Structures are given as C-alpha cells and as structure tokens.
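The lines below spell out each chain.
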Amino acid sequence: MAVYTQVPAEALDSFLSRYDVGTLVSAKGIAEGVENSNFLVETTQARFILTLYEKRVSEADLPYFLALKTHLADRGLPVPRPIVDREGRALQTLQGRPACLIEFLPGVSLGEPTPAHCRAAGEAMGQMHAALRDFDQVRENALNLAGWQRLAEACGARADEIAPGLAATIAEELAFLETNWPLDLPHSTIHADLFPDNVLVRGTKVTGLIDFYFACTDIRAYDLAVLHTSWAFSGDGATHFADRAAALDAGYAASHGLSADEAAAFNILARGACLRFLLTRTYDWLNTPADALVTRKDPLAYLRRLAHYRAA
Ligand SMILES: Nc1ncnc2c1ncn2[C@@H]1O[C@H](COP(=O)(O)OP(=O)(O)O)[C@@H](O)[C@H]1O
Ligand SMILES: N[C@@H](CCOP(=O)(O)O)C(=O)O
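None of the values given here were measured: they were computed from a predicted structure. (Residues numbered from 1 in each chain as written. Chains lettered and ligands numbered in written order. Predicted model: local features only at pLDDT ≥ 70, side-chain atom pairs only at ≥ 80, totals over all residues.)

A. Looking closely at helix α6 (residues 220-231). The first and last C-alpha atoms of α6 sit 18 Å apart over twelve residues, in line with the 16 Å expected at 1.5 Å per residue. Of all twelve residues that make up α6, twelve are buried, and the element is covered over most of its length. By the burial criterion, the buried members of α6 are R220, A221, Y222, D223, L224, A225, V226, L227, H228, T229, S230 and W231. (Helix = DSSP H or I, 4+ residues; strand = E, 2+ residues; numbered from the N terminus. Expected span 1.5 Å × (residues − 1). Buried ≥ 20, exposed ≤ 12 C-beta atoms within 10 Å, placed from the backbone.)

Below you can see the structure in the form of structure tokens.
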C-alpha cells in the first residue's frame with residue numbers, strides 16, 4: 001500500500017484552489033506503488049493524480065523529474081504532465097511534504113505481458129530515447145557501479161540470511177562488472193525502472209509511461225537491459241521468454257535501435273541490471289521491518305534472472 005501521508009478534504013480543497021482545475025469531487029488513495037503517497041483526485045473538470053513525495057525521493061531532485069516529464073509530454077510522449085498552478089508552479093507543499101498535481105493517464109499496468117505488449121513497450125522506450133536527445137539536464141545515477149558497491153557492503157554477509165551463498169554471488173558478480181562494465185557506450189537520460197507496473201496500456205497500445213523517480217543520466221542501452229530483465233521473464237524469474245525478448249528488441253529497433261557496440265555489450269548490461277535490482281531488493285529485504293506497510297519484493301527473482309544472463 002502506498003499512502004504514507006493522509007490529506008484531509010479541507011486541505012485538498014484549499015490546495016486545489018491554487019489551480020484552474022475545478023473543485024474537488026472525490027479523492028481516493030492508490031494502493032499500488034511503493035515510494036510515494038498517491039491519490040486519484042476527481043474535480044468538476046477532470047481526473048488527476050496527486051503525489052506527495054516521501055523520504056526516498058530527494059527534494060533536490062524533484063525539479064529535474066518534473067522538467068523531464070514536462071519535456072516528454074511536450075514532445076507528445078504518453079507521459080503525465082505536471083500541472084502548474086496560477087503562478088506557474090508545479091512543485092508545491094501539502095501536509096508538510098513536497099507535492100505535485102499530475103495529469104491522469106488512462107490504461108492499466110500488466111501482470112503478464114504478451115509479445116505484442118513487449119513490442120509496444122520496446123517501441124515506446126525507443127521513442128522516449130529519441131525525444132530525450134535534446135533534454136540537457138543531468139542527474140547522476142545513484143544506483144551505478146559505485147552505488148552497487150555501497151549496497152553490497154551495506155548488505156554484507158547478511159545476504160546469506162536470504163539464501164546461502166548469496167553474499168558470495170553478489171561479490172563475484174560485482175567484481176566481474178567492475179572489470180567489464182562498458183562505460184564508453186553512449187550515455188543519455190534514461191528511465192532506469194521501466195517495469196511493466198510503470199507502463200500503462202489499453203489493449204496493446206501504450207497509454208502511459210510513469211514513475212520517473214529513478215530517471216538519471218547513464219548508459220542509454222542499460223535502459224533497454226532493465227526493460228528486458230523486467231518484461232521477458234516470469235515474475236519469479238525462473239522462466240525466460242525468448243519471444244518476449246525478441247519483441248522488445250524489434251519494438252526498440254523500430255523507433256531507435258542499438259549500435260553494434262551496444263548490442264555486443266548487451267549481456268553485460270543485463271547482468272548489471274539484474275545486480276542492481278538484486279541489491280536494492282536484498283537491502284530492502286534485510287532492512288524493512290516485518291510490520292511495515294510496504295510489501296517487500298523478492299530478491300531471488302533477480303538472482304534467477306542473473307543466472308540466466310550468466311549462463312548465456
Ligand atoms: N499519471 C498517472 N495516471 C494514471 N495512473 C497513475 C499515474 N501515476 C500513477 N498512477 C497509478 O498509481 C500507481 C502508483 O504510481 P507509482 O508512480 O508507480 O508510485 P510509486 O512512485 O509510489 O512507486 C500506478 O501503478 C498507477 O496505477
Ligand atoms: N521496480 C523495482 C522497485 C521500484 O518500485 P516502483 O514501484 O517505484 O517501480 C523492483 O521491482 O525492484
């Protein structure tokens with residue numbers, strides 16, 4: 001569940017009065033998501049998403065995220081536009097938290113994508129990368145190699161509480177990636193977390209790319225690697241679907257494409273993506289209190305994906 005901060009109706013009424021969006025009809029907390037508090041807000045004019053940013057999103061990064069979403073929405077991508085108030089401000093404070101009213105996009109996120117969905121998702125990522133060529137703001141990826149090292153140290157031997165030998169596998173993979181990570185590949189702004197739950201679809205049409213709060217500047221083809229690790233496997237990571245993987249590549253090739261160097265490094269990029277999610281999930285597993293409101297995600301689902309790319 002993801003409503004950490006409650007917003008009383010009077011506070012929401014007064015918040016909405018700063019905008020030209022009509023008056024409050026209803027507001028409901030959204031259960032999905034893990035990072036922020038999200039509400040579906042209906043006014044006399046339209047539906048909106050209200051996000052209150054919680055502790056894991058740094059306040060200093062919010063102008064970057066909002067500028068990025070506005071840039072993509074301006075270029076016709078299905079990315080929710082931050083709404084500005086009468087004074088032109090998108091970023092606000094509500095209930096003591098940074099907050100933003102955001103365009104509502106139709107569609108649902110998928111549990112089990114088909115190859116047709118994968119093709120659409122690959123194509124949407126390529127369109128996003130094309131539209132980001134002239135986005136010049138920079139944000140370092142906090143979850144890059146150095147970030148993975150920090151997480152691996154923070155987890156340490158306790159990783160073996162999740163599965164015997166996990167700490168050694170993490171150390172071994174980290175050492176491999178430190179030597180082989182293809183830093184000379186082209187960098188650009190990337191989403192860095194485009195999992196199926198961050199893509200809204202209607203039928204096989206992509207209607208929304210959401211949750212840009214890990215977006216950063218990093219190796220562009222790494223974004224496609226993250227897409228593969230999250231779309232081309234069963235949820236538990238035990239089964240890799242070659243048809244889904246081929247469809248992701250075909251979609252991306254239709255709208256952007258990989259260079260020969262990027263294609264040659266793809267397996268290493270996918271190993272890096274697996275380690276990144278294995279590490280954040282391992283850290284969260286070890287450090288989230290059992291009675292927390294958030295459902296912990298299974299680290300081993302990413303260990304299995306990693307095994308697939310190590311064997312390939
Ligand atoms: N702009 C939007 N339009 C429609 N639904 C949205 C929008 N933004 C978020 N949602 C809904 O809210 C849920 C949680 O959003 P998300 O950004 O993933 O949260 P978190 O940052 O907490 O992980 C999504 O799964 C989706 O159902
Ligand atoms: N996609 C990550 C977790 C990030 O959660 P999100 O709800 O912000 O996408 C994972 O699956 O480990």
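Now that the structure has been shown, the text picks up again.
B. Broad picture of the site of ligand 1. What surrounds ligand 1 is a group of 21 residues, the closest being E32, G33, E35, P80 and D211. When grouped by side-chain class, the residues that make up the shell around ligand 1 number ten nonpolar, six polar and five charged. Each of domain 1 (9-103) and domain 2 (115-311) contributes no fewer than three residues to the shell around ligand 1. (Near = placed C-beta within 6 Å. Nonpolar A, V, L, I, M, F, W, Y, C, P; charged D, E, K, R; others polar. Domains from an automatic or database assignment.)

C. Broad picture of the site of ligand 2. Close contacts around ligand 2 come from G33, V34, E35, D193, F195, D197, N198, D211, F277, T280, R281 and K297, and that covers them all. A class-by-class count of the residues in the shell around ligand 2 yields three nonpolar, three polar and six charged.

D. How the structure looks around the sheet that holds strand β3 (residues 47-52). Spatially, β1-β2-β3-β5-β4 is the arrangement adopted by the five strands of the open sheet, whose pairing is antiparallel. Looking at strand neighbours, the two that pair on one side only are β1 (24-29) and β4 (92-94), the edges of this open sheet. This sheet shows a mean twist of 35° between the axes of neighbouring strands, independent of strand direction. Across three bridges, β4 lies against strand β5 (residues 97-103) in antiparallel orientation. (Pairing = 2+ DSSP bridges. Axes fitted to C-alpha atoms, helices over the stretch in contact; angles between N-to-C directions.)

E. Looking closely at the packing of α6 against helix α9 (residues 266-287). At a minimum axis separation of 8 Å, α6 and α9 run at an interaxial angle of 65°. Where α6 crosses over α9, the two elements pack in a sense that is right-handed. Taken together, the residues of α9 that come into contact with α6 (itself represented by A221, Y222, A225, V226, H228 and T229) are F266, L269, A270, G272, A273, C274 and F277. Classifying every residue of the contact of α6 with α9 by side-chain character gives ten nonpolar, three polar and no charged. (Left-handed = near helix turned anticlockwise from the far one by under 90°. Contact = placed C-beta atoms within 7 Å.)

F. Quick look at the nonpolar core. Grouped together as the largest cluster of nonpolar side chains are 57 residues, with contacts concentrated most on A121, A225, L269 and C274. Ranked by the residues each element gives to this core, the list is headed by α9, at nine residues. Taken together, domain 1 (9-103) and domain 2 (115-311) each give at least three residues to this core, which thus spans both. Grouped together as the second largest cluster of nonpolar side chains are 14 residues, V7, L50, A99 and I102 included. (Core = buried A, V, L, I, M, F, W, Y, C linked by C-beta atoms within 7 Å.)

G. View of the environment of A11. By the secondary structure assignment, A11 is in helix α1 (residues 9-16). Each C-alpha atom, one on A11 and one on T207, is 31 Å from the other, the two residues being 196 residues apart in sequence. Filtering out sequence-adjacent residues up to four positions away, A11 remains in contact with L94 and Q95.

H. Looking closely at the packing of helix α5 (residues 166-180) against α9. With their axes 11 Å apart at the nearest point, α5 and α9 run at an angle of 140° to one another. Taken as axis vectors, α5 and α9 run oblique relative to one another. Handedness of the α5/α9 crossing: left-handed. Residues I170, E173, L174, L177 and N180 of α5 lie in contact with α9, whose contacting residues are I268, R271, G272, L275 and L279. (Parallel < 35°, antiparallel > 145°, perpendicular 65-115°, else oblique.)

I. The domain arrangement of the chain, seen in detail. Examined at the domain level, the chain breaks down into domain 1 (9-103) and domain 2 (115-311). Computed over C-alpha atoms only, the centres of domain 1 and domain 2 are separated by 27 Å. If you look at the interface, domain 1 gives 17 residues, while domain 2 gives 17 residues. Across the side of domain 1 that touches domain 2, the residue classes tally to eleven nonpolar, one polar and five charged.

J. Seen up close, the UniProt feature "domain: Aminoglycoside phosphotransferase" (unreviewed entry) in the chain. Within this structure's numbering, the places UniProt gives as "domain: Aminoglycoside phosphotransferase" (unreviewed entry) are residues 27-253. Helix and strand shares over residues 27-253 are 35% and 19% respectively, and the end C-alpha atoms of the span are 41 Å apart. (UniProt positions renumbered as here; feature names shortened; annotations may be inferred.)

K. Quick look at the pairing of strand β2 (residues 37-43). As paired elements, β1 and β2 share five bridges and run antiparallel to each other. Considered in β2, the bridge of S26 is made with E42. Looking at chain direction, β2 and β3 are connected through six bridges and run antiparallel. Residue pairing for β3: N38 is matched across the bridge by T51.

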